[in-house]
Amino acid sequence: MLGALVPFRVLEVLEYFPGGQPSFQGKALQGTPGKFQEAMITAFLMLKFGVLDDDPYRPECPFPPAVGYSLNPTQEERHILLLTRVLSLVPMSLGNELWRARVSFDLASFHGIVKVLRRSLRQITEASLAHAVLRDLRVASVLPGGFMSPGGTDGRRGPQYVLPPFFFPRACMGIVAEYFLRYTGTADPAQFERDVKAAYPCCKDPVGDLRNAFQFWAELRRCVGEMAAVMPEWGSFAGDMDAAGAVLQGQRDNLAI
């Protein structure tokens, strides 16, 4: 019961199901696969607050010049910024070792915002759970161990939790996606897989994770398209996604991924 009641209460607080009826965002969210629900809710909130876009960051303390971070990116660079930020919302399967590869200052800044939102979402989930339990303390006995643990209790990959944990995803997927988008090697899928594994040795299945992230991009584009059809203010972002999606599809066709 709690596995259904608490998530529904969270969605109600977020105004996706006001009064028990789905809003336009709620209707779009209904068709999203369960594995993408948390990332989709995060993307919706970032769009609501205007912090999911392709604009470069301008921190008070500028990035080191050696980083080469452009404050006036070309249109193609903007597409890459949007793609990597969105795709970084999807977690990767990583080995039990240190990250021995390049980092991204842009994604580090982006994930500073993601962490604030995810922490707030987890607190809303905890408050909704506390509200349900305090009304009837007996229901606490049905909660299994690790009910909000992102990795579950059986050690397997994938969500095994009962309630959404809204854990903080690392920016790894966005970094690997940027490598994919900028890859200029031979158009051989096998060679690309060898190259990306060599560049990011701590990633267990970078190509499989890329395909999974591309599915999330398609889902977000579907949701944005549905909302743009009824809310014109979403039209601009839908256009940005279409333009960036063309860049993504071009590289996917080139590498057959």
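All of these numbers come straight from a predicted model, not from anything done at the bench. (Residues numbered from 1 in each chain as written. Predicted model: local features only at pLDDT ≥ 70, side-chain atom pairs only at ≥ 80, totals over all residues. Heavy atoms only, no water.)

Colleague: Sorry, what's going on with the side chain of Arg-85 here?
Modeller: For Arg-85, the location among the structural elements is in helix α4 (residues 75-87). Leaving out residues up to four positions away in the same chain, Arg-85 has contacts with Asp-53, Asp-54, Asp-55, Pro-56, Tyr-57, Tyr-69, Asp-106, Leu-107 and Phe-110. (Helix = DSSP H or I, 4+ residues; strand = E, 2+ residues; numbered from the N terminus. Contact = heavy atoms within 4.5 Å.)

Colleague: Can you help me understand the nonpolar core in this one?
Modeller: Soluble globular proteins tend to bury their nonpolar side chains together. Grouped together as the largest cluster of nonpolar side chains are 72 residues, with contacts concentrated most on Tyr-16, Ile-41, Val-176, Phe-180, Phe-192 and Trp-217. In terms of residue count, the dominant contributor to this core is helix α8 (residues 206-228) (10 residues). (Core = buried A, V, L, I, M, F, W, Y, C linked by side-chain atoms within 4.5 Å. Buried < 20%, exposed > 50% of the residue type's maximum accessible area, 1.4 Å probe, protein only.)

Colleague: Would you take a moment to explain the packing of aromatic side chains for this structure?
Modeller: Any aromatic ring pair is given by two values, namely how distant the centres are and how the planes are angled relative to each other. In this structure the tally under the stated criterion is 11 aromatic pairs. With a centroid separation of 6.1 Å and 35 degrees between ring planes, the pair formed by Tyr-179 and Phe-192 is classed as tilted. Placement of the pair is Tyr-179 in helix α6 (residues 172-182) and Phe-192 in helix α7 (residues 189-199), with a sequence separation of 13 residues. The exposure class of Phe-192 is buried, given its relative accessible area of 0%. In this structure an aromatic cluster arises from ring pairing among Trp-99, Tyr-179, Phe-180, Tyr-183, Phe-192, Tyr-200 and Phe-214. (Phe/Tyr/Trp six-rings, centres within 6.5 Å; stacked < 30°, edge-to-face > 60°.)

Colleague: Would you mind going over helix α9 (residues 235-255) with me for this structure?
Modeller: Along an α-helix, residues three or four positions apart point the same way, because every turn accommodates 3.6 residues. With 21 residues, α9 extends 30 Å from end C-alpha to end C-alpha; this agrees with the ideal 30 Å at 1.5 Å per step. Buried residues of α9: Phe-237, Ala-238, Met-241, Ala-244, Gly-245, Leu-248, Gln-251 and Leu-255, and no others. Buried residues along α9 cover an arc of 140 degrees about the axis, so they all sit on one side. Relative to its buried face, α9 has exposed residues pointing more than 90 degrees away, namely Ser-236, Ala-246 and Asp-253. For α9, the secondary structure elements touched by its buried residues are α3 (37-48), α4, α6, α7 and α8. Where α9 terminates, the next one or two residues include Ala-256, which has phi positive at roughly 55 degrees. (Expected span 1.5 Å × (residues − 1). Arc of directions from axis to C-beta.)

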